[in-house]
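Structural overview for review
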Protein chains: 2
Amino acid sequence: MSDQDVQWQAAERLALALTEGGMQRMPARTLAVFLFTDAETVTMGDIADRLGVSAGSVSGAVKTLLSVGLIERLPAPGSRREHYRVRDDAWPTLFTKQNTVLRVLLEAAETGIATTAPGDPAHERLGRMRDFYQFLLSELPALLRRWQQERPRP
Amino acid sequence: MSDQDVQWQAAERLALALTEGGMQRMPARTLAVFLFTDAETVTMGDIADRLGVSAGSVSGAVKTLLSVGLIERLPAPGSRREHYRVRDDAWPTLFTKQNTVLRVLLEAAETGIATTAPGDPAHERLGRMRDFYQFLLSELPALLRRWQQERPRP
DNA sequence: CCGTAAGTTCAGAAATTTCTGAAGACAGTG
DNA sequence: CACTGTCTTCAGAAATTTCTGAACTTACGG
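Below or above, wherever it landed, is the structure these notes cover. Since the model is a prediction, treat every value here as computed from it, not as a measurement. (Residues numbered from 1 in each chain as written. Chains lettered and ligands numbered in written order. Predicted model: local features only at pLDDT ≥ 70, side-chain atom pairs only at ≥ 80, totals over all residues.)

A tally of regular secondary structure across chain A gives 6 helices and 2 strands. For chain A, the spread of C-alpha atoms along the principal axes amounts to about 65 × 35 × 35 Å. When each of the 154 residues of chain A is scored for burial, the buried share is 30%. Within chain A, contacts between residues at least 6 apart in sequence are counted, and of these 44% link residues at least 24 apart. (Helix = DSSP H or I, 4+ residues; strand = E, 2+ residues; numbered from the N terminus. Buried ≥ 20, exposed ≤ 12 C-beta atoms within 10 Å, placed from the backbone. Contact = placed C-beta atoms within 7 Å.)

Laid out in structure tokens, this is it:
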């Protein structure tokens, strides 16, 4: 099996993992193309060719990836095609996005705690849940800061 | 609006957040029932009543939650109905499960790195990705350990 | 200014996920 | 040991997500 095939398989697995992590299918596959392409930048046509999907699908996927800050449009110097590439801070960004899920969970727990009496089993149960997510949400920003310090932009 | 209504809304939001985080719909809704119920334990019938869904759906959801270690079956002392409850370590468990997604992403990046030459844009790009996930996966276990130390089982 | 390539949008087709309902298995109970 | 309530399983219905294709918009290039 050629390196090309192995790469493509890895890209597929990556897209699948992103999907399991909550990303929609087409944005995930598109991001995989961005990561594994040989070129510095990519056009929508490139993506459509690579994935064998319609231009419409690519347009939607690129829009999504732009909106969450994972890719950026390059200042295209008088070309007819728009060029895009993965942003340098894509991974910390993605990680942070996922933390908004944690925040919703925390808020749901807090609401439940506020509307139950101490001693109610739900009160205690949700208290444990809140403690955990409060801990996480307090620690994760420090983790990211540590990452950025240890890896000052090249 | 009654506290009951507010609680139920919170439970629904919780289920929705879990779904966005990758959990399937029925397991997520079922877990929400486990968390917000007044009782210490819950039977399948309780869940079906609460959610207004079929016994078949509940059976599948409970099976899923058991398999990932979020709930446990109680040693039922000669009863016809099985009783279940949320496990104490459900949240750390859930968090750890999600890390397996990170691990797949890391492996995909490593595969891509191994099959490209240094200097190839994909090589560099995937290198940055690998560094980030390697960092995360090395730090998160310590984070969980810290949690368990700071909160010794009550 | 046209002509044309590139990108956008969206209605509906296609695929997938999700849920139900009914049949069957199992275990407690009389 | 038969009866009954509980749980499991799974084929197919229902709902939702996902993708396409065609019409439309935009802007470069001649």
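Put simply, the second copy of the chain is the first one after a rotation about an axis and a shift along it. Of the transformation placing chain B onto chain A, the axial shift is 0.0 Å and the rotation is 180°, giving an RMSD of 0.1 Å. Both chain copies can therefore be described as sitting about a two-fold axis. Judged by C-alpha distance, Gly-22 of chain B is the residue of chain B that lies nearest the rotation axis, at 2.5 Å. Most of the interface of chain B is mirrored in chain A, where 100% of its interface residues are also at the interface. (Least-squares fit on C-alpha atoms with pLDDT ≥ 70 in both.)

This next bit is on the protein's contact with DNA strand D. The environment of DNA strand D is made up of 23 residues, and the closest members are Met-26, Val-53 and Gly-56 of chain A together with Gly-56 and Ser-59 of chain B. Mapped onto the surface near DNA strand D, the elements with two or more residues apiece are helix H2 (25-36) and helix H4 (55-67) of chain A together with helix H3 (44-51) and helix H4 (55-67) of chain B. Counting residues per element, the surface near DNA strand D draws most heavily on H4 of chain B, at 6 residues. In terms of residue class, the surface near DNA strand D is built from 6 nonpolar, 11 polar and 6 charged. (Near = placed C-beta within 6 Å. Nonpolar A, V, L, I, M, F, W, Y, C, P; charged D, E, K, R; others polar.)

Every contact between the two is made by 39 residues of chain B and, on the other side, 39 residues of chain A. Contributing elements (two or more residues each) for the side of chain B that touches chain A: helix H1 (3-20), helix H2 (25-36), helix H5 (90-114) and helix H6 (121-150) of chain B. Among the elements that line the side of chain B that touches chain A, the one with the most residues is H6 of chain B, at 11 residues. Taken together, the residues of the side of chain B that touches chain A sort by class into 22 nonpolar, 7 polar and 10 charged.

Near DNA strand C there are 21 residues, and of these Gly-56 and Ser-59 of chain A together with Met-26, Val-53 and Gly-56 of chain B occur at the shortest range. The leading source of residues in the surface near DNA strand C is H4 of chain A, at 5 residues. Of the residues that constitute the surface near DNA strand C, the class distribution is 6 nonpolar, 10 polar and 5 charged.

On to the packing of H3 of chain B against H4 of chain B, then. All names here are of chain B. One can describe the packing of H3 onto H4 by two numbers: an axis separation of 9 Å at closest approach and a directional angle of 120°. H3 and H4 meet at a crossing whose hand is right-handed. Where H3 abuts H4, its residues Met-44, Ile-47 and Ala-48 lie against Ala-55, Val-58, Ser-59 and Val-62. Classifying every residue of the contact of H3 with H4 gives 6 nonpolar, 1 polar and no charged. (Axes fitted to C-alpha atoms, helices over the stretch in contact; angles between N-to-C directions. Left-handed = near helix turned anticlockwise from the far one by under 90°.)

Looking now at H6 of chain B. Counted at 1.5 Å a residue, the expected span for H6 of chain B with its 30 residues is 44 Å, and the 44 Å between its end C-alpha atoms agrees. Listed in full, the buried residues belonging to H6 of chain B are Ala-122, Arg-125, Leu-126, Met-129, Phe-132, Tyr-133 and Leu-136 of chain B. As for H6 of chain B, its buried residues are in contact with H2, strand S2 (84-86), helix H5 (90-114) and helix H6 (121-150) of chain A together with H5 of chain B. (Expected span 1.5 Å × (residues − 1).)

So, about the environment of Trp-8 of chain A. Residue and element names in this part refer to chain A. Locating Trp-8 in the fold gives a position in helix H1 (residues 3-20). Residue class for Trp-8 comes out partly exposed when judged on the 16 C-beta atoms lying within 10 Å of it. Each C-alpha atom, one on Trp-8 and one on Ala-48, is 15 Å from the other, the two residues being 40 residues apart in sequence.

Turning our eyes to something else, we now look at the packing of H1 of chain A against H2 of chain A. Residues and elements named next belong to chain A. Two elements in contact, H1 and H2, have axes separated by 8 Å at closest approach and are oriented at 140°. Classed by the angle they form, the pair H1 and H2 counts as oblique. Considering only the axes of H1 and H2, their crossing is right-handed. The segment H1 lies against H2, with Gln-7, Ala-11, Leu-14, Ala-15, Leu-18 and Thr-19 engaging Arg-25, Ala-28, Arg-29, Leu-31, Ala-32, Leu-35 and Phe-36. A per-class count over the contact of H1 with H2 returns 9 nonpolar, 2 polar and 2 charged. (Parallel < 35°, antiparallel > 145°, perpendicular 65-115°, else oblique.)

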